[in-house]
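The lines below spell out each chain.
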Amino acid sequence: MIDLSHLEKKINSELTTKIKKSEIKYNQLYLYIDHEDLIDVSLFIKSNENTKFRQLIDITVVDYPENNKRFKIVYLFLSHEFNQRIILSYFINEKELIPSLTSIYPAANWMEREVFDMYGVQFKDHPDLRRILTDYGFEGYPLRKDFPLTGHTEVRYSEDQKKVINEPVKLEQNYRNFDYESPWEGTQYIKEQSFKNKNSDQSIKDNDKKN
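Computed from a predicted model, the values in this text were never measured in an experiment.

Caption draft 1: Up close: the pairing of strand β9 (residues 163-168). Summarising the sheet, strand β8 (residues 153-158) and β9 pair through six bridges and their orientation is antiparallel. Looking at the pairing, R156 lines up with I165 of β9. Count of turn residues in the β8/β9 antiparallel hairpin: four residues, of which K162 carries a positive phi of about 60°.

Here it is in structure tokens:
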């Protein structure tokens, strides 16, 4: 296993200004870059003899709707030779076009399609950027934090049309009531009903005693 401090110094010395920040946390190396440098940095960490991060494990996104640069794009790389991982990340705004890694890491094909499907992030030069998890004509991006929990449409079987149809959700999320109490304690409306029943029983007993 290669020493992480040595690896960090090696990458910073070779890539210089392309690395905005680097740090070692949780026994892993974190690199922060600009998205314009993604291809150069990825090529280096994959091909250099001192790094050999030849496997792309995953691509994911963190959504910060309140920020101008809304999305944090995160890549996880693995070096089998050195038994180490690198977490590479950068921020982009909602409409920004970012480079595809499919020419360097073929496994990025489906990963980028998933990110596009769930978050709406666009990848430049991707060979087949289509939805991969949701259906044709699906509205919105399900993992964005402003996506309604009920979705925009619901699926049901229509007896009139004799087929499965999509139609707008009838029950808006705003009109649903949720409680976050422990299921062992019981929900508030059950507690209130139990309290009313208890008082009612007590009133009956008190009236019986008087009579």
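Caption draft 2: The arrangement of the nonpolar core in detail. Ranked by internal contacts, the top residues of the largest apolar core, which has 36 residues, are I11, I45, I73, Y75, F77 and V121. Secondary structure elements with two or more residues in this core: α1 (4-15), β2 (28-32), α2 (38-47), β3 (55-63), β4 (71-79), β5 (84-92) and α3 (108-119). It is α3 that provides the largest number of residues to this core, a total of five residues. Not counting chain neighbours up to four residues away, the residues in contact with I73 comprise I59, T60, V61, L88, S89, Y90, I92, I98 and V121.

Caption draft 3: Main features of the sheet that holds β3. With respect to topology, five strands assemble into an open sheet ordered β1-β2-β5-β4-β3, the strand pairing being mixed. Both outer strands of the open sheet, β1 (21-25) and β3, are each paired with one neighbouring strand and no more. Across the sheet, the axes of successive neighbouring strands diverge by a mean angle of 20°, strand direction being ignored. Taken together, the five bridges between β1 and β2 define a ladder with antiparallel strand orientation. When the bridges of β2 are listed, K25 appears paired with Q28. Most of the contacts of α3 go to β3, to which it runs at about 10°, and overall it touches β3 and β4.

Caption draft 4: Main features of the side chain of E96. Within the secondary structure layout, E96 lies in the loop between β5 and β6 (97-99). For E96, which is buried and forms no salt bridge, the nearest opposite charge comes from K69, at a distance of 4.0 Å. Within the local environment of E96, its side chain forms a polar contact with the side chain of H35, the two groups lying 3.5 Å apart. Apart from the residues lying within four places of it in its own chain, the contact partners of E96 are H35, K69 and Q122.

Caption draft 5: How the structure looks around the packing of α1 against α2. Look at α1 against α2: their axes get within 11 Å of each other, and the N-to-C directions meet at 130°. Considering their axes alone, α1 and α2 lie oblique with respect to each other. α1 and α2 meet at a crossing whose hand is right-handed. Contacts between α1 and α2 involve I11, E14 and L15 from the former and V41, F44 and I45 from the latter. Along the lines of polarity and charge, the residues of the contact of α1 with α2 split into five nonpolar, no polar and one charged.

Caption draft 6: Examining the environment of K72 more closely. Here K72 is to be found in strand β4. Sequence separation between K72 and S89 is 17 residues, and the spatial gap between their C-alpha atoms is 6.7 Å. Not counting residues within four places of it along the chain, the set of residues in contact with K72 comprises T60, V61, V62, Y64, S89, Y90 and F91.

Caption draft 7: Geometry of the side chain of H126. Relative to the assigned elements, H126 resides in the loop between β7 (122-124) and β8. A polar contact of 3.0 Å, which involves the side chain of H126, links it to the backbone oxygen of N109. Within the structure, H126 has its side chain in polar contact with the backbone nitrogen of D128 (distance 2.9 Å). In this structure H126 touches S100, T102, N109, E112 and R113, once residues within four positions along its chain are discounted.

Caption draft 8: Region of interest: the packing of aromatic side chains. Under the defined criterion, the tally for this structure stands at six aromatic pairs. Between Y64 and F91, the aromatic rings sit 6.1 Å apart at their centres with planes inclined by 45°, giving tilted as the arrangement. Here Y64, found in the loop between β3 and β4, pairs with F91, found in strand β5; they are 27 residues apart in sequence, far enough to count as distant. Judged by relative accessible area, which is 27%, Y64 ranks as partly exposed. Look at F91 and you get partly exposed, because its relative accessible area is 37%. With 5.2 Å between their ring centres and 45° between their planes, F77 and Y105 make a pair best called tilted.

Here is what the cut-offs are and how they apply
- Residues numbered from 1 in each chain as written.
- Predicted model: local features only at pLDDT ≥ 70, side-chain atom pairs only at ≥ 80, totals over all residues.
- Heavy atoms only, no water.
- Pairing = 2+ DSSP bridges.
- Helix = DSSP H or I, 4+ residues; strand = E, 2+ residues; numbered from the N terminus.
- Core = buried A, V, L, I, M, F, W, Y, C linked by side-chain atoms within 4.5 Å.
- Buried < 20%, exposed > 50% of the residue type's maximum accessible area, 1.4 Å probe, protein only.
- Contact = heavy atoms within 4.5 Å.
- Axes fitted to C-alpha atoms, helices over the stretch in contact; angles between N-to-C directions.
- Lys, Arg positive; Asp, Glu negative; His and termini not counted.
- Salt bridge = Lys/Arg side-chain N within 4 Å of Asp/Glu carboxyl O.
- Polar contact = N/O pair within 3.5 Å; in protein donor to acceptor, adjacent residues only side chain to side chain.
- Parallel < 35°, antiparallel > 145°, perpendicular 65-115°, else oblique.
- Left-handed = near helix turned anticlockwise from the far one by under 90°.
- Nonpolar A, V, L, I, M, F, W, Y, C, P; charged D, E, K, R; others polar.
- Phe/Tyr/Trp six-rings, centres within 6.5 Å; stacked < 30°, edge-to-face > 60°.

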